[in-house]
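Structural description and commentary
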Amino acid sequence: LIKRLMPYVKKARDGGSAGVIGLLADYRDENGKQLPDEEILHHALLLYWAGYDTTASAGSWVLHLLAHHSSWQDRMREEIFEVLGDRDYQLEGSSKLKTVSWFLREVERCGPSLFMFPRTAAEDIEFQGYTIPKGTRIFWSPWMSHRDPAAYPHPHTFDPGRWDPARGADRAQGKYMVGFGGGPRLCVGRSFAQMQLRILITTVLRQYHLEPDATQPFSIQGLPVHHPVDSKIYFRQLTEYQNPKVLSEAAE
């Protein structure tokens, strides 16, 4: 990929390229220094992976879990028609899509796009009687953290309702969620990715009911991104009688 993309960097240096590579090529630090060519490509490749593969895997989890949880489809569809009607998704008023938010939080908990994150010990660390020397590669896993029963009771159960504020003290705590990382290394694209997934859900559920193909076995792939494999889904076109808006108007 570096070999194939390098000509675009050379072109951008001459002012002949727009987009991300063009912006990176035009960048200057406070001393007016440009980024080296290979660093530009490393930034671009990181964006391709972190900005595309992760959201694509999250989208596959959304569709897979929608198909396997029909009752949540119905709950979200009713809310979507109530809040948006026939209008396209928009940021204004999107906070009213509460069940959609719960669903996406549970997707992040059960199906984090990255199975593990690498880190390097910046100094010697003492942990439960063990010494981790400075420079040691350390891997921590959102998948395992999100399945800690001390943080999330019944951790292997997909339950968007655990995020409902009505559960009071039993409501799931967002402080234990690390699907997008945390602290100063929190994913910079988090809000954009979540908006994309909200658009996906609101668009699909107003047109289709999703059903899994029970005859088709599927598996889960952990690396390089965590996602369902061979999950076959039927998209059933909604009839006017399945549209909550139409049913409500008919009842009136």
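Look up a bit, the structure's there.
These numbers were taken from a predicted model, which means no experiment stands behind them.

Some remarks on helix 1 (residues 2–13)
Residue pairs spaced three or four apart in an α-helix point in one direction, given the helix's 3.6 residues per turn. Compared with an ideal rise of 1.5 Å per residue, which puts twelve residues at 16 Å, helix 1 spans 16 Å between its outermost C-alpha atoms and is within 8% of the ideal. Along helix 1, the residues that are buried comprise Leu5, Met6, Val9 and Ala12. The arc that holds the buried residues of helix 1, viewed along the axis, is 125 degrees, so those residues lie on one side. Opposite its buried face, helix 1 presents the exposed residues Lys3 and Arg4, each directed more than 90 degrees away. Buried positions along helix 1 lie against helix 2 (19–26) and helix 3 (37–67). At the C-terminal side of helix 1, glycine 15 shows a positive phi close to 80 degrees.

A look at helix 5 (residues 98–110)
For helix 5, spanning 13 residues, the distance from its first C-alpha to its last is 19 Å, which sits close to the expected 18 Å at 1.5 Å a residue. The element helix 5 is largely enclosed, with a buried count of eleven among its 13 residues. Within helix 5, burial applies to Thr99, Val100, Ser101, Trp102, Phe103, Leu104, Glu106, Val107, Glu108, Arg109 and Cys110. Buried residues along helix 5 sit in contact with helix 3, helix 4 (70–84), helix 6 (142–145) and helix 7 (190–205).

Some details on the pattern of salt bridges
Considering all chains together, one arrives at seven salt bridges under this definition. Ionic pairing is found between glutamate 106 and arginine 162, a salt bridge with its closest N-O pair at 2.9 Å. Here glutamate 106, found in helix 5, pairs with arginine 162, found in the loop between helix 6 and helix 7; they are 56 residues apart in sequence, far enough to count as distant. What makes arginine 162 buried here is its relative accessible area of 5%. What emerges from the salt-bridge pattern is a single network uniting Lys10, Arg13 and Asp37.

Side note on the layout of surface pockets
One water molecule sets the probe size; rolling that probe over the atoms shows where empty space is left. Considering only enclosed or pocket space, the largest pocket measures out at about 940 Å³ in volume. If you go around the largest pocket, you meet 35 residues; those closest to its centre are Ala50, Thr54, Phe180, Cys187 and Val188. Those elements that provide at least two residues to the lining of the largest pocket are helix 3, helix 5, strand 1 (117–120) and helix 7. Broken down by element, the residue count for the lining of the largest pocket peaks at nine residues, all from helix 3. Residues belonging to the lining of the largest pocket are distributed by class as follows: 17 nonpolar, twelve polar and six charged.

Description of unusual backbone geometry
With an omega dihedral of 0 degrees, the bond running from leucine 223 to proline 224 counts as a cis peptide bond. Locating proline 224 in the fold gives a position in the loop between strand 6 (219–221) and strand 7 (227–229). If you check the backbone angles, glutamine 128 has positive phi at about 50 degrees while not being a glycine. Checked against the element boundaries, glutamine 128 lands in the loop between strand 2 (125–127) and strand 3 (130–132).

Topic: the packing of aromatic side chains
Inspection of the entire model under this criterion finds six aromatic pairs. Measuring from ring centre to ring centre gives 5.4 Å for phenylalanine 103 and phenylalanine 158, while their planes differ by 80 degrees; the resulting arrangement is edge-to-face. Here phenylalanine 158 lies in the loop between helix 6 and helix 7 and phenylalanine 103 lies in helix 5, a separation of 55 residues in the sequence. Per residue, the accessibility class of phenylalanine 103 equals that of phenylalanine 158, and both read buried. Ring plane angle 55 degrees and centroid distance 6.0 Å describe the contact between tyrosine 152 and tryptophan 163, whose orientation is recorded as tilted. Here the residue tyrosine 152 occupies a position in the loop between helix 6 and helix 7, and tryptophan 163 occupies one in the loop between helix 6 and helix 7, the gap between them amounting to eleven residues. Accessibility expressed as a relative area gives 2% for tryptophan 163, which makes it buried. Among the aromatic residues, ring-to-ring pairing joins Tyr152, Trp163 and Tyr176 into one connected group. Taking NZ or CZ as reference, arginine 105 lies 4.5 Å from the ring centre of tryptophan 163, over its face.

A closer look at the nonpolar core
Core analysis: the biggest nonpolar cluster contains 30 residues, and Val62, Met76, Ile80, Phe103 and Ile201 have the highest contact counts within it. Aside from chain neighbours lying at most four places away, what touches phenylalanine 103 is Val62, Leu65, Leu66, Trp72, Met76, Phe158, Pro160 and Ile201. In this structure, Val9, Ile21, Ala25 and Ala44 belong to the second largest nonpolar core, which totals eleven residues.

Parameters and conventions
- Residues numbered from 1 in each chain as written.
- Predicted model: local features only at pLDDT ≥ 70, side-chain atom pairs only at ≥ 80, totals over all residues.
- Heavy atoms only, no water.
- Helix = DSSP H or I, 4+ residues; strand = E, 2+ residues; numbered from the N terminus.
- Expected span 1.5 Å × (residues − 1).
- Buried < 20%, exposed > 50% of the residue type's maximum accessible area, 1.4 Å probe, protein only.
- Arc of directions from axis to C-beta.
- Contact = heavy atoms within 4.5 Å.
- Salt bridge = Lys/Arg side-chain N within 4 Å of Asp/Glu carboxyl O.
- 1 Å grid on protein atoms, 1.4 Å probe; cavity = no way out; pocket = protein on both sides within 12 Å on 5 of 7 lines; lining within 4 Å.
- Points joined across faces, edges and corners; volume = space filled by probe spheres on them.
- Nonpolar A, V, L, I, M, F, W, Y, C, P; charged D, E, K, R; others polar.
- Phe/Tyr/Trp six-rings, centres within 6.5 Å; stacked < 30°, edge-to-face > 60°.
- Lys NZ or Arg CZ within 6 Å of the ring centre and 35° of its normal.
- Core = buried A, V, L, I, M, F, W, Y, C linked by side-chain atoms within 4.5 Å.

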